[in-house]
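Now for the letters of each chain:
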Amino acid sequence: MDMLLDGMKLGLILSFMIGPIFFALVQTSVEEGFRAGAMVALGIWVSDSSFVLAVYYGVSYLAEIVKAPSFSLILGIAGSILLACFGLVTLLTIPKGLLTGVLPDYKRSSSYLSLFIKGFLINTINPFTVFFWTSLMGTVVIKDGFDGQQASWFFGGILGTIVVTDLLKVILAKKIRYSLRPIHLLWLRRISGGALIVFGVVLLLRVLLLMQG
């Protein structure tokens, strides 16, 4: 139970971090509804779970890959480009109702598969996601000598808390939709798109600075 509670505490801290995932969840949920937001969240959860399994079963091998200078550069550049592309698409594809001042009904404009891929890619292409899970495995699980059961409870607590808090974000975003006017939804879309572009640029700059250091 201690391992589970420690994992839940860390998962709760992660859930309050504002990043591209947050904006993607909120914007999708407000515009396309609960199911669409949940599919983006599902992509994020699958990505995180895949990283956990990868670092648990191949931590030494994965650590060597992460340390390679080319890894951060390649993944950072690819990640920044994809984030910027998601942001540009969000800015350039604005529902007509928002421009005419009419609040549009929920209309899923993206397939469930594309929404899943969006969530998966936004989480996966960030090299700091890899660094986080790898560092957590090395500094907590291996250093403290967790056995398989303890590690399962610990990571289960983290991932379970992320799932619950992400679903709460999706539900709350859906709830506030009809409290907003079309201009608010338009600005939410602009802010989300702009934020994704900014995160892409910041990601690229951070990777380049790390390479120089």
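Rules used in this analysis
Residues numbered from 1 in each chain as written. Predicted model: local features only at pLDDT ≥ 70, side-chain atom pairs only at ≥ 80, totals over all residues. Heavy atoms only, no water. Axes fitted to C-alpha atoms, helices over the stretch in contact; angles between N-to-C directions. Helix = DSSP H or I, 4+ residues; strand = E, 2+ residues; numbered from the N terminus. Parallel < 35°, antiparallel > 145°, perpendicular 65-115°, else oblique. Left-handed = near helix turned anticlockwise from the far one by under 90°. Contact = heavy atoms within 4.5 Å. Nonpolar A, V, L, I, M, F, W, Y, C, P; charged D, E, K, R; others polar. Core = buried A, V, L, I, M, F, W, Y, C linked by side-chain atoms within 4.5 Å. Buried < 20%, exposed > 50% of the residue type's maximum accessible area, 1.4 Å probe, protein only.

Attention now moves to the packing of helix 2 (residues 20-32) against helix 6 (residues 112-124). Their axes nearest at 10 Å, the elements helix 2 and helix 6 cross at an angle of 165 degrees. For the element pair helix 2 / helix 6, the angle class is roughly antiparallel. Helix-helix and strand crossings are classified by hand; for helix 2 and helix 6 the assignment is right-handed. For the pair helix 2 and helix 6, the contacting residues are P20, I21, A24, Q27, T28 and E32 in the first and L115, K118, I122 and N123 in the second. The residue makeup of the contact of helix 2 with helix 6, split by class, is five nonpolar, three polar and two charged.

On to the nonpolar core. L25, W133, L136, F154, F155 and I158 are the most contacted members of the largest nonpolar core, which has 22 residues in total. Contributions of two or more residues to this core are made by helix 3 (34-67), helix 7 (127-142) and helix 8 (148-175). At eight residues, helix 3 tops the list of elements feeding residues into this core. Among residues more than four places away in sequence, those in contact with L25 are G37, V40, A41, I44, D166, K169 and V170. L83, F86, I125 and L196 belong to the second largest nonpolar core, which has eight residues in total.

Any link to function would need more than the numbers given here.
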